[in-house]
Amino acid sequence: MPTTPSRRIVGRIVRWSLLAGVLAFAAWVTGELLLGPRVAVVAPDRGEVVRTIVATGRILAPYRVDIGAQVTGVVAEIPVAEGETVARDRVLIRLEDREASANVRLAEAALAQSRSKLRQIEQVALPTARQSVAQTEANLVAAQAAFTRVERLKENGFATQAQIDDARKARDVAVAQSRSAHLQLESNLPGGTERLTAEAAVAQAEASVAAARTKLAYTVIAAPAAGVLIARNVERGDVVQPGKTLMTLSPTGETQVVVQIDEKNMALLALGQKALISADAYPDDRLPAELVYINPSVDPQTATVQVKLRLPSPPAYVRQDMTVSVDIEVARKADALVLPTTAVHDPLTARPWVLIAEDGRAVRRAVRVGLRGDGRVEITEGLAPDDRVIPVRAKVAAGDRIRPVVGSAAARQRPGGSAEA
């Protein structure tokens, strides 16, 4: 059957396509053998490197307040619920107060009685004692004058011995009465025994009133600080006693984050270092914190050291014992010559090295590593800004021929560094 023109054209196209493919393959093989494979290389970059320690921590208040009763009593009312946020002096528990109120009234009555006694001394006994002193002094003067007259009459023979004895007796009685009146006056004056006794009775009654009122106040248990009630162990009608924890309050304000750090990272830690805290439920909300405590000892069971970070004014969603992620900034360098970690061989050893694209070949060069971070590492020696570095993942050995291709900016990773806690 004769060949049509269309079939001849198709045959020529197929032959030319096969020939072009063979020539392209031959060119590629020739390039690979003579010039080496194409390899994406990375240029060093200058930028900020931040090294952090990444760990998991737990939210903890600097202290918790265990709330209990100071007197034995029956719970009459609990106007708050567990988990509720309360203000300072908010009433948490009320105890039955009938007996305590009666004791207050009894003590106040005793105080009123003792104060009445003191007023009686000031307003009645003291003026009476002063009048008595004046009267007895006048009687003493009259008795002394009578005794003197009788004594003169006796000398002149006009008075008998019996009269002298009567006059002397009257004078001695007047002296005794005068002394008694003075003593009574002195006891009623400020500093006297009667006055001191009355004042002591008033003071004792006032103390009794204060004690009774204090016991009455103990029947109302209030929040010592603003915070969140994280535990409640009491119900209405319970009989409570001193020493038993009824509620636990977590005060608001400054909160701490407790973290266990691997002891290998101890040398990187220092007080005052900044950190960022984030909860698993709110990963986009990163809260600033500060390292404020490093335990001087290491836990021999876990080979970790406990550190605490201050978290000032945490948001409302932060809860006690919440698990959070912690990034502690331990080092920062603003203008460093950096490479992706994937371009450095053995970066954690004492002899790191890189492969440099130089004159069409891969050349091994020793470098010195500085600050290491998450995906980036600082090169302090052995590398120039215009060098082109072959990534570790490239299947290239030192001395191999290569055709370097400068990698895109996507190969460069963001600043930042981390170490596992």
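See the structure printed just above.
The rules behind these values
Residues numbered from 1 in each chain as written. Predicted model: local features only at pLDDT ≥ 70, side-chain atom pairs only at ≥ 80, totals over all residues. Heavy atoms only, no water. Helix = DSSP H or I, 4+ residues; strand = E, 2+ residues; numbered from the N terminus. Contact = heavy atoms within 4.5 Å. Areas by Shrake-Rupley, 256 points an atom, 1.4 Å probe, with all protein chains shown as cover. Pairing = 2+ DSSP bridges. Expected span 1.5 Å × (residues − 1). Phe/Tyr/Trp six-rings, centres within 6.5 Å; stacked < 30°, edge-to-face > 60°. Buried < 20%, exposed > 50% of the residue type's maximum accessible area, 1.4 Å probe, protein only. Lys NZ or Arg CZ within 6 Å of the ring centre and 35° of its normal. Core = buried A, V, L, I, M, F, W, Y, C linked by side-chain atoms within 4.5 Å. Polar contact = N/O pair within 3.5 Å; in protein donor to acceptor, adjacent residues only side chain to side chain. Salt bridge = Lys/Arg side-chain N within 4 Å of Asp/Glu carboxyl O.

Participant: What's the story with the overall build of the protein in this structure? I'm lost.
Facilitator: Secondary structure assignment for the protein yields four helices and 22 strands. Across the protein, contacts joining residues at least 24 apart in sequence account for 75% of those joining residues at least 6 apart. Accessible surface computed for the protein: about 25000 Å², of which carbon and sulfur atoms make up 53%.

Participant: Where do I start with the sheet that holds strand β17 (residues 361–366) in this structure?
Facilitator: Strand order in this open sheet of three strands is β17-β16-β20, and the pairing throughout is antiparallel. Each edge of the sheet is formed by a strand with only one pairing partner; in this case those strands are β17 and β20 (389–390). Bridge count for strand β16 (residues 353–358) against β20 is two bridges, and the pairing is antiparallel. Across the sheet, residue Ile-356 finds its bridge partner in β20, namely Val-389.

Participant: Please explain helix α2 (residues 98–155) as it appears in this structure.
Facilitator: Between its first and last C-alpha, α2 extends 82 Å over 58 residues, near the 86 Å set by a 1.5 Å rise per residue. Note on α2: the residue one or two positions beyond its end, Gly-157, has a positive phi of about 80°.

Participant: Help me understand the sheet that holds strand β6 (residues 91–95), please; the structure alone is not making it clear to me.
Facilitator: By way of backbone hydrogen bonds, the strands of a sheet pair with one another, either parallel or antiparallel. Within the open sheet, the four strands sit side by side as β7-β6-β4-β9. Their pairing is antiparallel. Strands with a single pairing partner mark the edges of an open sheet, and in this sheet they are β7 (220–222) and β9 (239–240). With two bridges joining them, strand β4 (residues 73–77) and β9 adopt antiparallel strand pairing. The residue bridging Gly-73 from the neighbouring strand is Val-240, located in β9.

Participant: Quick question: what am I supposed to make of the packing of aromatic side chains here?
Facilitator: Any two aromatic rings considered together are summarised by their centre-to-centre distance and by the angle between their planes. This model, assessed by the stated rule, comprises one aromatic pair. Between the aromatic rings of Tyr-282 and Tyr-317, the centroid separation amounts to 3.9 Å while the plane-to-plane angle is 25°, which identifies the pairing as stacked. With Tyr-282 in strand β13 (residues 282–294) and Tyr-317 in the loop between β14 (304–311) and β15 (323–340), this residue pair connects regions lying 35 residues apart in the sequence. Overall, the relative accessible area of 38% leaves Tyr-282 in the partly exposed class. Given the relative accessible area of 14%, Tyr-317 is considered buried. The ring of Phe-147 carries Arg-171 above its face, with NZ or CZ at 4.4 Å from the centroid. Just above the ring of Tyr-293 sits the side chain of Lys-308; from NZ or CZ to the centre is 5.3 Å.

Participant: Before we go on, may I ask you to explain the nonpolar core in this structure?
Facilitator: Counting 24 residues, the largest nonpolar core has Val-257, Ile-261, Leu-269, Leu-309 and Ile-328 as the members making the most contacts within it. Broken down by secondary-structure element, the contributors of at least two residues to this core are β2 (45–60), β11 (255–262), β12 (274–279), β13, β14 and β15. Sequence-distant contacts of Leu-309, defined by excluding residues within four places in its chain, comprise Thr-255, Gln-256, Val-257, Val-259, Ala-275, Ala-289, Glu-290, Leu-291, Val-292, Val-326 and Ile-328. By size, the runner-up hydrophobic cluster in this structure holds 19 residues, among which are Ile-93, Val-234, Val-240 and Leu-246.

Participant: Help me out: how do you make sense of the side chain of Ser-101 in this one?
Facilitator: Locating Ser-101 in the fold gives a position in helix α2. For Ser-101, a relative accessible area of 19% corresponds to the buried category. Here Asp-97 takes part through its backbone oxygen, which lies 2.8 Å from a polar atom of the side chain of Ser-101.

Participant: How do you make sense of the pattern of salt bridges when you look at a structure like this?
Facilitator: Pairing between side chains of opposite charge can happen when their charged atoms approach one another. A complete count under the given rule lists 21 salt bridges for this structure. Among the ionic pairs, Arg-232 bridges to Glu-235, the shortest N-O distance being 2.9 Å. In this structure, Glu-329 engages Arg-332 in a salt bridge whose closest nitrogen and oxygen atoms are separated by 2.7 Å. Glu-329 sits in the partly exposed class, given a relative accessible area of 24%. Each of Glu-48, Glu-329 and Arg-332 takes part in salt bridges that share partners, so that together they form one network.

Participant: Looking at this structure, I do not really get the side chain of Thr-136. What am I missing?
Facilitator: Locating Thr-136 in the fold gives a position in helix α2. A relative accessible area of 8% places Thr-136 in the buried class.

Participant: Just to check I follow, could you spell out the pairing of β15 for this structure?
Facilitator: Two faces, one strand: in a regular strand the side chains alternate between the faces of the sheet. Pairing geometry for β2 and β15, over 13 bridges, is antiparallel. Each residue of the ladder has a partner; that of Arg-46, found in β15, is Leu-337. Two elements, β12 and β15, share five bridges in a ladder whose sense is antiparallel. Bridge pairing links Ala-275 to Ile-328 in β15. Of the pairings in the sheet, the one linking β15 to strand β19 (residues 376–381) comprises three bridges and is antiparallel in character.

Participant: I would appreciate a short explanation of the environment of Val-75 in the present structure.
Facilitator: Structurally, Val-75 can be placed in strand β4. The contacts of Val-75, once residues within four sequence positions are left out, are Ile-93, Arg-94, Leu-95, Val-234, Glu-235, Arg-236, Gly-237, Asp-238 and Val-240.

Participant: How should I be thinking about unusual backbone geometry in this particular structure?
Facilitator: Excluding glycine, a negative phi dihedral is what most residues carry, and trans is how most peptide bonds are arranged. Phi is positive for Asp-346, close to 50°, though the residue is something other than glycine. Among the structural elements, Asp-346 can be located in the loop between β15 and β16. Despite not being glycine, Asp-359 shows a phi value in the positive range, around 55°. Along the polypeptide, Asp-359 turns up in the loop between β16 and β17.

Participant: Would you mind going over helix α3 (residues 161–188) with me for this structure?
Facilitator: An α-helical turn contains 3.6 residues, so any two residues separated by three or four positions project in the same direction. Its 28 residues give α3 an end-to-end C-alpha distance of 41 Å, which sits within 8% of 40 Å, the value for a rise of 1.5 Å per residue. Buried residues of α3: Ile-164, Ala-167, Arg-171, Ala-174, Ser-178, Ala-181, Leu-185, Ser-187 and Asn-188, and no others. The elements touched by buried residues of α3 are α2 and α4 (193–217).

By themselves these figures say nothing about function.
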